[in-house]
Amino acid sequence: MRVKLTMAAVLSALSFSSAADIAVTGYYGQSLNQELVTEKGTKIDIKDDANFGVSLDKHDGISKYGLYYSNMSSVQRNAHGYELDLDYLLFQSAVVLPVSKGLSSYLGAQLGVNHISSNFSDSDTFFATGLFGGLEYEITKDFVALGEVRWLATILKNDSTTVCEGGANGTQCDWYFDGEVLNQFQFNLGVMYRF
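Here is what the cut-offs are and how they apply
- Residues numbered from 1 in each chain as written.
- Predicted model: local features only at pLDDT ≥ 70, side-chain atom pairs only at ≥ 80, totals over all residues.
- Heavy atoms only, no water.
- Helix = DSSP H or I, 4+ residues; strand = E, 2+ residues; numbered from the N terminus.
- Buried < 20%, exposed > 50% of the residue type's maximum accessible area, 1.4 Å probe, protein only.
- Contact = heavy atoms within 4.5 Å.
- Patch = residues over 30% accessible without salt bridge, like charges linked within 9 Å, V, L, I, M, F, W, Y side chains within 5 Å.
- Areas by Shrake-Rupley, 256 points an atom, 1.4 Å probe, with all protein chains shown as cover.
- Salt bridge = Lys/Arg side-chain N within 4 Å of Asp/Glu carboxyl O.
- Core = buried A, V, L, I, M, F, W, Y, C linked by side-chain atoms within 4.5 Å.
- Polar contact = N/O pair within 3.5 Å; in protein donor to acceptor, adjacent residues only side chain to side chain.
- Pairing = 2+ DSSP bridges.
- Phe/Tyr/Trp six-rings, centres within 6.5 Å; stacked < 30°, edge-to-face > 60°.
- pLDDT = per-residue confidence, 0-100.

**Focus: the overall build of the protein**
So, point 1. The number of helices and strands found in the protein is 1 helix and 10 strands.
So, point 2. Reading the secondary structure of the protein in the N-to-C direction produces α-β-β-β-β-β-β-β-β-β-β.
So, point 3. The burial tally for the protein puts 35% of its 195 residues in the buried class.
So, point 4. Nonlocal contacts in the protein, meaning residues at least 24 apart in sequence, comprise 59% of its contacts between residues at least 6 apart.

In structure tokens, the structure reads:
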């Protein structure tokens, strides 16, 4: 429900101009997941699984920007019956460059959140970021086929400590940052409709 409301709000915001070039893209692909080790030494090994996604973007010259939503439901490879869902909602921006007639490449960055829910712990929302790139082929003026790769990084733990000491030159502070990052790679195929 949250995703539908967010997409409706973005569509309304992006439709301020009748000349706006808006695109809706559907994605289907495969996610490859990194193994993590918790502070207590427990290995979390998420099974590589299928993912689907949708994006709503505004195209402006050689750039495009908008929202990307992706979902992957999977299980832990080393613990049967432990299921989890990963829902990404990211703002994305990319540069699109023509390669040849009807074929373009794009490279971009994304920033947002990953909501992780499971049947073995409380759900939580984490900061996520990443990079993506791919190729688009114009089938018609309104329909485009694409293939892409996305790197998604979710910061699962974010503890920072500030230590300040007084010295001859005044107070000096050092920052210590400890983070666990879940890295995922998505290999997606998609169809874009531009209007």
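Alright, that's what it looks like, and here's the rest.
**Considering a nonpolar patch on the surface**
So, point 1. A cluster of nonpolar side chains, contributed by Val24, Tyr137, Ile139, Phe143, Val191, Tyr193 and Phe195, occupies part of the molecular surface with about 660 Å² of accessible area.
So, point 2. Along the chain, valine 191 turns up in strand S10 (residues 170-194).

**Quick notes on the nonpolar core**
So, point 1. By size, the foremost hydrophobic cluster in this structure holds 22 residues, and its most contacted members are Leu86, Tyr88 and Leu90.
So, point 2. At the level of secondary structure, the elements contributing two or more residues to this core comprise strand S1 (21-33), strand S5 (63-76), strand S6 (79-100), strand S7 (103-118), strand S8 (124-138), strand S9 (143-167) and S10.
So, point 3. Ranked by the residues each element gives to this core, the list is headed by S6, at 6 residues.
So, point 4. The contacts of tyrosine 88, once residues within four sequence positions are left out, are Tyr68, Tyr69, Ser70, Val113, Asn114, Ala128, Leu152, Thr154 and Gln184.

**Examining the pattern of salt bridges**
So, point 1. Inspection of the entire model under this criterion finds 3 salt bridges.
So, point 2. Across the pair lysine 64 and glutamate 136 runs a salt bridge, and its minimum N-O distance is 2.9 Å. Of this pair, lysine 64 sits in strand S5 while glutamate 136 sits in strand S8, and the two are 72 residues apart along the sequence.
So, point 3. What makes lysine 64 buried here is its relative accessible area of 5%.

**Observations regarding the side chain of glutamine 92**
So, point 1. Mapped onto the elements of the fold, glutamine 92 is located in strand S6.
So, point 2. At a separation of 3.1 Å, a polar atom in the side chain of glutamine 92 contacts the side chain of aspartate 57.
So, point 3. Of the polar contacts made by the side chain of glutamine 92, one reaches the side chain of arginine 150; its length is 2.9 Å.

**Some thoughts on the pairing of S6**
So, point 1. Here S5 runs beside S6; their pairing, made up of 14 bridges, is antiparallel. Across the sheet, residue glycine 66 finds its bridge partner in S6, namely glutamine 92.
So, point 2. In this sheet, S7 lies alongside S6 in antiparallel orientation, the contact comprising 16 bridges. Its bridge partner lying in S7, leucine 86 is registered against isoleucine 116.

**With respect to the packing of aromatic side chains**
So, point 1. Counting across every chain of the model gives 5 aromatic pairs.
So, point 2. Residues phenylalanine 52 and tyrosine 69 carry aromatic rings whose centres are separated by 6.5 Å and whose planes lie at 65° to one another, so their mutual orientation is edge-to-face. Of this pair, phenylalanine 52 sits in strand S4 (residues 49-60) while tyrosine 69 is found in strand S5, placing the two residues 17 residues apart along the sequence.
So, point 3. You can call phenylalanine 52 partly exposed: its relative accessible area is 44%.
So, point 4. Consider the rings of tyrosine 193 and phenylalanine 195, whose centres lie 5.7 Å apart with planes at 25°: the pair is stacked.

**Quick notes on the environment of phenylalanine 132**
So, point 1. By the secondary structure assignment, phenylalanine 132 is in strand S8.
So, point 2. C-alpha of phenylalanine 132 to C-alpha of serine 93: the two residues are 39 residues apart in sequence and 9.5 Å apart in space.
So, point 3. Not counting the four nearest positions on each side in its chain, phenylalanine 132 is found in contact with Gln92, Ser93, Ala94, Tyr106, Leu107, Gly108, Ala109, Gln110, Glu148, Val149 and Arg150.

**Overview of the environment of tyrosine 69**
So, point 1. Overall, the relative accessible area of 14% leaves tyrosine 69 in the buried class.
So, point 2. Each C-alpha atom, one on tyrosine 69 and one on phenylalanine 52, is 8.5 Å from the other, the two residues being 17 residues apart in sequence.

**A closer look at the confidence of the model for the protein**
So, point 1. Taken over all residues, the pLDDT of the protein has a mean of 82, while the share at 70 or more is 75%.
So, point 2. Confidence drops under a pLDDT of 50 for residues 14-19, and excluding neighbours within four residues, the segment shows 7 contacts in the predicted structure.
So, point 3. Contacts of residues 172-178 to residues separated by more than four positions or lying in other chains number 22 contacts, the stretch itself having pLDDT below 50.

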